[in-house]
Amino acid sequence: MPSEKKISSANDCISFMQAGCELKKVRPNSRIYNRFFTLDTDSQALRWEPSKKDPDKAKLDISAVKEIRLGKNTETFRNNGLADQISEDCAFSIIHGENYESLDLVANSADVTNIWVSGLRYLVSRTKQCLDLIEGSQNTPRFAWLRSVFEAADVDGNGIMLEDTAVELIKQLNPALKESKIRLKFKEIQKSKEKLTTRVTQEEFCEAYTELCTRPEVYFLLVQISKNKEYLDVNDLMLFLEAEQGVAQATEEMCLDIIHRYEFSEEGQSKSFLAIDGFTQYLLSPECDIFDPEHKKVVQDMTQPLSHYYINSSHNTYLIEDQVRGPADINGYVRALKMCCRSIELDVCDGPEKEPIICNRNSMTSPLSFHCVIEVINKLAFVSSQYPLILCLGNYCSIQQQKVMAEQMKKVFGTKLYTDAPLPSETYLPSPEKLKMKIIIKGKKLPDDEDLLEGEVTDEDEEAEISRRMSEEYLEEPKMSLLCKELSDLVSICQSVQFADFESSMKSQNYWEMCSFSEAEASRIANEYPEDFVNYNKKFLSRIYPSAMRIDSSNLNPQDFWNCGCQIVAMNYQTPGPMMDLHTGWFLQNGGCGYVLRPSVMREEVSYFSANTKGIVPGVSPQVLHVKIISGQNFPKPKGACAKGDVIDPYVFLEVHGIPADCTEQRTKTVQQNSDNPIFDESFEFEINLPELAMIRFVVLDDDYIGDEFIGQCAIPLECIQPGYRHIPLRSFVGDLMEHVTLFVHIAITNRSGGGKAHKRSLTARIGMKTRDYTMLRNTSLKTVDDIFKLAVHPLREATDMRENMQGNKPWTRIPGPSWANKEKNTIVSVKELCGLPPITSLKQCILTLSSRLMNSDNVPSVALCMKDTFPYLEPLGTLTDVQKKVLAAYDLMIQESKFLIETADAVYDKIVQCQKAGMELHEELHNLGTKEGLKGRKLSKAIESFAWNITVLKGQGDLLKNAKNEAIENMKQIQLACLSCGLSRTASGTVDAKSRRCLEAIEEKETGDENGRL
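Residues numbered from 1 in each chain as written. Predicted model: local features only at pLDDT ≥ 70, side-chain atom pairs only at ≥ 80, totals over all residues. Heavy atoms only, no water.

Enquirer: Which parts of the structure should I look at to understand the overall build of the protein chain?
Expert: A tally of helices and strands in the protein chain yields 30 helices and 33 strands. When burial is assessed residue by residue, the protein chain has 57% of its 1015 residues classed as buried. At a minimum sequence separation of 6, the contacts of the protein chain that also span at least 24 residues come to 69%. Taken as a whole, the protein chain presents about 43,400 Å² of accessible surface, with 50% of it coming from carbon and sulfur. (Helix = DSSP H or I, 4+ residues; strand = E, 2+ residues; numbered from the N terminus. Buried < 20%, exposed > 50% of the residue type's maximum accessible area, 1.4 Å probe, protein only. Contact = heavy atoms within 4.5 Å. Areas by Shrake-Rupley, 256 points an atom, 1.4 Å probe, with all protein chains shown as cover.)

Enquirer: Sorry if this is basic, but what is going on with the environment of Pro-388 here?
Expert: Among the structural elements, Pro-388 can be located in the loop between helix H14 (370-380) and strand E14 (389-396). When the C-alpha atoms of Pro-388 and Ile-440 are compared, they prove to be 7.0 Å apart, with 52 residues separating the residues in sequence. Setting aside residues no more than four positions away along its own chain, Pro-388 makes contact with Leu-306, Arg-342, Phe-382, Pro-432, Leu-435, Lys-436, Lys-438, Ile-440 and Tyr-595.

Enquirer: What exactly am I supposed to notice about helix H3 (residues 110-124) here?
Expert: Counting along an α-helix, one turn takes 3.6 residues, and residues three or four places apart therefore face a common direction. With 15 residues, H3 should cover 21 Å at 1.5 Å per step; its first-to-last C-alpha distance of 21 Å lies within 8% of that length. With 15 of 15 residues buried, H3 lies mostly within the body of the structure. (Expected span 1.5 Å × (residues − 1).)

Enquirer: Which parts of the structure should I look at to understand the packing of helix H26 (residues 843-853) against helix H27 (residues 882-920)?
Expert: Relative orientation and spacing of two packed helices are given, respectively, by the angle between their axes and the distance between those axes. The contact between H26 and H27 brings their axes to 10 Å, and the two run at 150 degrees. Relative to H27, H26 is oriented roughly antiparallel. Crossing hand, H26 versus H27: left-handed. Across the interface between the two elements, Leu-843, Ile-847, Leu-850 and Arg-853 of H26 pack against Gln-884, Val-887, Tyr-891 and Met-894 of H27. Split by residue class, the contact of H26 with H27 holds six nonpolar, one polar and one charged. (Axes fitted to C-alpha atoms, helices over the stretch in contact; angles between N-to-C directions. Parallel < 35°, antiparallel > 145°, perpendicular 65-115°, else oblique. Left-handed = near helix turned anticlockwise from the far one by under 90°. Nonpolar A, V, L, I, M, F, W, Y, C, P; charged D, E, K, R; others polar.)

Enquirer: For this particular structure, what's the right way to read the pairing of strand E29 (residues 724-731)?
Expert: The side chains of a regular strand alternate, residue by residue, between the two faces of the sheet. Across the eight residues that make up E29, a large majority, six, are buried. Sheet analysis places E29 next to strand E30 (residues 737-751), joined by seven bridges and oriented antiparallel. Each bridged residue has a counterpart across the sheet, and for Arg-726 the counterpart in E30 is Val-745. Where E29 folds back on E30, the antiparallel hairpin that results is connected by five residues, among which Gly-735 adopts a positive phi of roughly 95 degrees. (Pairing = 2+ DSSP bridges.)

Enquirer: Would you explain the pattern of salt bridges in this entry?
Expert: Side chains that differ in sign of charge can pair as their charged atoms come close. Using the criterion set out here, one finds 44 salt bridges in the structure. Here Arg-667 ties to Asp-703 by a salt bridge, and the two come within 3.8 Å at their closest N and O atoms. Here the residue Arg-667 occupies a position in strand E25 (residues 664-667), and Asp-703 occupies one in the loop between strand E27 (695-702) and strand E28 (710-717), the gap between them amounting to 36 residues. Of the residues examined, Asp-703 reaches a relative accessible area of 39% and is grouped as partly exposed. A salt bridge links Lys-942 to Glu-945; its shortest N-O distance comes to 3.3 Å. With a gap of three residues between them, Lys-942 and Glu-945 both fall in helix H29 (residues 938-981), about one helical turn apart. The network of salt bridges with common partners includes Glu-163, Asp-164, Glu-179, Arg-183 and Lys-187. (Salt bridge = Lys/Arg side-chain N within 4 Å of Asp/Glu carboxyl O.)

Enquirer: Please explain the packing of H14 against helix H15 (residues 399-413) as it appears in this structure.
Expert: Where H14 contacts H15, the two axes come as close as 10 Å, and the packing angle between them is 25 degrees. Considering the angle they form, H14 stands roughly parallel to H15. As H14 runs across H15, the sense of the crossing is right-handed. Facing Phe-370, His-371, Ile-374, Glu-375, Ile-377 and Asn-378 of H14, the residues of H15 in contact are Met-405, Gln-408, Met-409, Val-412 and Phe-413. For the contact of H14 with H15, the class distribution of residues is seven nonpolar, three polar and one charged.

Enquirer: Can you walk me through the sheet that holds strand E7 (residues 101-106) in this structure?
Expert: Where strands meet in a sheet, backbone hydrogen bonds hold them as pairs that are either parallel or antiparallel. Taken together, the seven strands give an open sheet; going across it, the order is E4-E3-E2-E1-E7-E6-E5, and neighbouring strands pair in antiparallel fashion. Each having just a single partner strand, strand E4 (59-61) and strand E5 (65-70) make up the two edges of the open sheet. Neighbour-to-neighbour, the strand axes of the sheet open up by a mean angle of 30 degrees, direction not taken into account. Here strand E3 (residues 45-49) pairs with E4 via three bridges, running antiparallel. Pairing of Ala-45 across the sheet is with Asp-61, part of E4.

Enquirer: Explanation requested: unusual backbone geometry in the structure shown.
Expert: Comment: phi is negative for the bulk of residues other than glycine, and the bulk of peptide bonds are trans. Of note, the amide linkage connecting Glu-49 to Pro-50 takes the cis form, showing an omega dihedral of -5 degrees. If you trace the backbone, Pro-50 turns up in the loop between E3 and E4. Even without being a glycine, Ser-43 presents a positive backbone phi close to 60 degrees. As for its position among the elements, Ser-43 is in the loop between strand E2 (32-39) and E3. The class of Ser-43 is buried, set by a relative accessible area of 5%. Although it is not a glycine, Cys-340 sits at a positive phi angle of roughly 65 degrees. The residue Cys-340 is located in the loop between helix H13 (331-338) and strand E11 (343-349) in this model.

Enquirer: Please explain the state of the cysteines as it appears in this structure.
Expert: Simply put, disulfide is the name for a covalent bond between the sulfur atoms of two cysteines. The tally for this structure, following the rule as stated, stands at zero disulfides. Lacking any disulfide linkage, Cys-349 is separated from the closest cysteine sulfur, that of Cys-359, by 4.1 Å. (Disulfide = S-S within 2.5 Å.)

Enquirer: Explanation requested: the packing of aromatic side chains in the structure shown.
Expert: For any pair of aromatic rings, the description consists of the separation of the ring centres together with the inter-plane angle of the planes. Under the definition given, this model contains 29 aromatic pairs. Three or more aromatic residues joined by ring pairs form one cluster here, namely Phe-499, Phe-502, Phe-517, Tyr-529, Phe-533, Tyr-536 and Phe-540. The lysine or arginine in question, Arg-667, covers the ring of Tyr-651, its NZ or CZ lying 3.8 Å from the ring centre. Taking NZ or CZ as reference, Arg-778 lies 5.1 Å from the ring centre of Tyr-608, over its face. (Phe/Tyr/Trp six-rings, centres within 6.5 Å; stacked < 30°, edge-to-face > 60°. Lys NZ or Arg CZ within 6 Å of the ring centre and 35° of its normal.)

Enquirer: Just to check I follow, could you spell out the side chain of Ser-516 for this structure?
Expert: By secondary structure assignment, the location of Ser-516 is in strand E19 (residues 513-518). Within polar-contact distance, the side chain of Ser-516 engages the side chain of Lys-442 at 3.4 Å. Among the polar contacts listed, one links the side chain of Ser-516 to the side chain of Arg-543, at a separation of 3.0 Å. (Polar contact = N/O pair within 3.5 Å; in protein donor to acceptor, adjacent residues only side chain to side chain.)

Enquirer: In this structure, what is going on with the nonpolar core? I would like to understand it.
Expert: Here is a general trend for soluble globular proteins: nonpolar side chains tend to be buried in one another's company. Of all hydrophobic cores here, the largest spans 79 residues; its most connected members are Ile-344, Leu-346 and Ile-377. If you tally residues by element for this core, the top one is H15, at six residues. The residues touching Ile-344, leaving out its near neighbours within four places in the chain, are Ser-314, Thr-317, Tyr-333, Ala-336, Leu-337, Ile-377, Leu-389, Ile-390, Leu-391 and Cys-392. Grouped together as the second largest cluster of nonpolar side chains are 64 residues, Leu-782, Cys-846, Phe-947 and Leu-954 included. (Core = buried A, V, L, I, M, F, W, Y, C linked by side-chain atoms within 4.5 Å.)

Here is the structure:
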């Protein structure tokens, strides 16, 4: 912090401002000046020096200040050539005067910026009061509560207690605090007062608690969202939930319940407000966890074919150490099944006394009884998940013991064992829903057309690879082994076969047959034939297992193979680290049931997707993930670090995993010697082209380490991230949750067109004006087909223009086309910029800010809500200032663009769908059409690939237009509600008048009708 005393109240901010500090003053002419800024002792004016102006003119009266903006959200910042070098989190602007002029400033740290912004906002809300009228910190509900806590513990009523008692009392109030830190704080307080006794007074107790338990970043947030108060009332909390936390329909009852559960003070409970301690407790609660609670339940469609899901899979499940020396251990199965693993491995060999065993075939030590293992599997198979469990059987037994295996499995598993013969009339595997509570055996199978009691089959694929790598005289012909009919009959829909090539597989492989690929082979195929691999996995299961050369049982990167649609990527559960973190994090979604539905572009029969895509995925709307790393809490010393005291220098590393175009990483600055509450205050942006496959991993590291640098991590799918202010619980290196160890962040996710690597917001170059990008259709060289697709070119362009004009996040140059497409930037962003708000701001926040601009000098609205054809326009009630006219014009344009989209989308959507249907009617004729055009071999394959690309584009763009229309309808509803809550209705009351209510109902009916109709 910039001062020794931690900021815990408005008075602390004001005292700091009165002492003054150096700030950079940014001018529109691209010049930046260093100036020393101070607040007058009477808190009535802000002054700076040196200045060429008269000292009385180099000041700004607090009474003239309209608002304080955090970040680079004025024209000066947006147009300044040097603004690119200014950190977003260190910039702020003071808007003043009737013309809303800006004084644009940059502090040397985000901490200093927060102090100035919080202090100025507090003063602006109290411009008619003197500083001495501001409520003293000793008279707040917080101190009343702390005094009552102290008095309850002071059994003698002497107003003093033993230090041990005071320490224990603070520990009870804040269990995360270390005892040593509390004792040190008491010693500091007593030393400052030159006390000799260690007994603690009530005043010292309150002072110690306040200094130890006030997190400055939470205090600044509280002041910001409470409209410059030091507590949140019900309306503040409701707005916070809706505008920041993404709660769709926050109610007064919901807010009262939060206050009732988290507020500590009696006054807060009786008057229904949330002060700093209750607010901090709420932000740390599971309700503000980063993981969306909806995804803790099964929320995905579980009726798709089994091949359409990623399946939580284990390799060498019986091991708890490395694969060379590690003994077999039953706890390997217990651990995997408790972690919802749905594909486990059993390597079975001949054991003594005609009893099969499971063991590490490299060491043959500590074998497990096969019967005991399947008893444990039967007991735990469906405790964590009801969805099917696949047993990958590595069979190295004699015929005699194979029969014992089969008999034992039938007896132990009983009706859970799935042995139904696959139906040749079907084309896809059954769904997880249909296979609930079933155990599926994956293994070799004897030919069905031969009535054999036993026969030869090829060796297991993994064993074959080990043989190939270990033997110099490896023969191309696969090694054969004997299989008995009893064991063969237990294999149904997961029959192991050898992979030859994609052409052979697509022609002759049955849907119930599956191939296993070594890591090296799968990597080669993924690099050379990424599109073919994705198409293959639409119908067939693929199992990927780690290289035999990973003798330390290290893990492959599962993302490389998930990108190709591979369902069963086997992981060494016994080996913690980044790859296992990704795997564990990925399968937390969908209720942790062990099955995750793949993106639709990787499932649909006619669709195009390449695992190696370097940019936009056709038909998928790119998103921008905005992450602000605010602070950390209670970071432990790295486990393996050498002795160097408890001091650490933490920093945060952010990783984005997904398709290659999305993979990137960034890091924060290092905070020196602070493990308790390091403040980072750094913002980042990541462009995500395929959100459904993206994962974010937050890693905390020590920059001053000797030995191990790892502190904690959390990996989470993008689809499961909740927006707003969130705490991220961190996990240890082995994956265990660490008590009270968290990261405090702000998350926002917005739409954006265009690709590109992630960039750090504080260092990013300004986004230059560019021509809008359109997703282009490809030429198939099949005239009949191309003639159909040509009809879709104009509707696709219209659909893109309508979406971008309303919801995009980038500025654009004027482009040829209809007049409604000629917008230099989309209308919503224009309104937000005029209000001095960043693009991530919610529409409700935007309307609240806009309404304050549309008040006259008597604080009465100068406009009124006027519903025209169910759309919320604003009509002037008198003469408007130039600033108000500009704001109102931007608002009107936003409503017009939304109206145009809502009323036009159906017709454009119909044209796109008609072209898609017409194209699909020719799908079965592509080979014949190719022959007529003289296409064969690679040229014909390219034509079919281009056809799939075009169908994907048409379906995707149609879906995006549909979503944009629904979003526009929801926006209109939210804007109307926000206008009414701001008092902009003609009745000038906070209630919804009859006409407005009818219009709101009409909007809801329009939305419901669209959901049930074409859109």
